[in-house]
Amino acid sequence: MGYTLIGAVKSRAFRVLWTLEELGLDYDHIDAAPRSAEVMRVSPAGKVPVFIADDVPITDSVAIMTYLADRHGALSFAPGTTERAHQDSLTHLILDEFDALLWTAARHSFVLPEEHRLPAIKDSLQWEFTRSQSHIVSRMDANGPFLMGETMTIADILLAHCCGWATNAKFPITEPRLQEHMAMMRARPAFNRALKG
């Protein structure tokens, strides 16, 4: 099987890079910006990441992570189990309460044309982000270092990526449990390999 990931390291493509490294898979990486020629050839929307598996393009970082975890039987609980339902619930919680807020802040900082940006919205987003942290911590298993206890899943990669993104965007991580989780995840060898792209 041949895998190719298209997308800049400093984008949501990093989540996929990290997943590939955790799974120990071989892949080619094209470090390309959104709407670049490399991206537009395989994804008319121009968004990154784009993942090519068996000559088929797959878009959306979490869809790609889920595909890889399911295909290789790691970083995920089996589909159709209650554990998987819980994992998916955590994944969607992180997307709704962290990723969406951070992406909205980014859009109003540098993505949207300047005349459509509302810089003042970031105060509201930061308040909501701080409130969401306690919600996510309340869902974390107390019996292990990962979100679901002793088993690391793609939700852990997603959470750690969002926490790093938040730190870079000056959205403080106020919950000690999230700080510990991020530090633990970023200390993993696969994280450091993924950083090198």
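As the structure is a computational prediction, the values presented were derived from the model and not from experiment.

## Considering the pattern of salt bridges
Side chains bearing opposite charge may pair, as long as their charged atoms lie close to each other.
Working step 1: If you walk through the whole model with that rule in mind, you get seven salt bridges.
Working step 2: Between arginine 15 and aspartate 99 there is a salt bridge whose closest N-O contact spans 2.4 Å. In this pair, arginine 15 sits in helix α1 (residues 13-23) while aspartate 99 sits in helix α4 (residues 82-111), placing the two residues 84 residues apart along the sequence. For the pair arginine 15 and aspartate 99, a shared accessibility class is recorded, and that class is buried.

## Side note on the pairing of strand β3 (residues 50-53)
For a regular strand, the rule is simple: side chains alternate between the two faces of the sheet.
Working step 1: Both faces of β3 are covered, namely the face carrying Val50 and Ile52 and the face carrying Phe51 and Ala53.
Working step 2: In this structure, strand β1 (residues 3-6) lies alongside β3, joined through four bridges in antiparallel fashion. Across the sheet, isoleucine 6 pairs through a bridge with valine 50, a residue of β3.
Working step 3: Pairing geometry for β3 and strand β4 (residues 56-59), over four bridges, is antiparallel. The partner of isoleucine 52 across the bridge, within β4, is proline 57.
Working step 4: A loop of two residues connects β3 with β4, the two strands running antiparallel in sequence, and aspartate 54 in this loop sits at a positive phi of about 55 degrees.

## Thoughts on the packing of aromatic side chains
To describe a pair of aromatic rings, one takes the distance between the centres and the angle between the planes.
Working step 1: One pass over the structure, following the stated rule, counts seven aromatic pairs.
Working step 2: Note on tryptophan 18 and phenylalanine 191: the rings are 5.0 Å apart at their centroids and 70 degrees apart in plane angle, and the pair reads as edge-to-face. Here tryptophan 18, found in helix α1, pairs with phenylalanine 191, found in helix α8 (residues 189-195); they are 173 residues apart in sequence, far enough to count as distant.
Working step 3: Classification of tryptophan 18 by relative accessible area gives buried; the value is 0%.
Working step 4: Ring geometry for phenylalanine 129 against phenylalanine 171: centres 5.6 Å apart, planes inclined by 75 degrees, an arrangement best described as edge-to-face. With phenylalanine 129 in helix α5 (residues 121-138) and phenylalanine 171 in the loop between α6 (154-168) and α7 (176-186), this residue pair connects regions lying 42 residues apart in the sequence.
Working step 5: Phenylalanine 129 sits in the buried class, given a relative accessible area of 0%.
Working step 6: The exposure class assigned to phenylalanine 171 is buried, which follows from its relative accessible area of 2%.
Working step 7: Across the ring face of tryptophan 103, the terminal group of arginine 12 is positioned such that the distance to the ring centre comes to 4.9 Å.

Thresholds applied
Residues numbered from 1 in each chain as written. Predicted model: local features only at pLDDT ≥ 70, side-chain atom pairs only at ≥ 80, totals over all residues. Heavy atoms only, no water. Salt bridge = Lys/Arg side-chain N within 4 Å of Asp/Glu carboxyl O. Helix = DSSP H or I, 4+ residues; strand = E, 2+ residues; numbered from the N terminus. Buried < 20%, exposed > 50% of the residue type's maximum accessible area, 1.4 Å probe, protein only. Pairing = 2+ DSSP bridges. Phe/Tyr/Trp six-rings, centres within 6.5 Å; stacked < 30°, edge-to-face > 60°. Lys NZ or Arg CZ within 6 Å of the ring centre and 35° of its normal.

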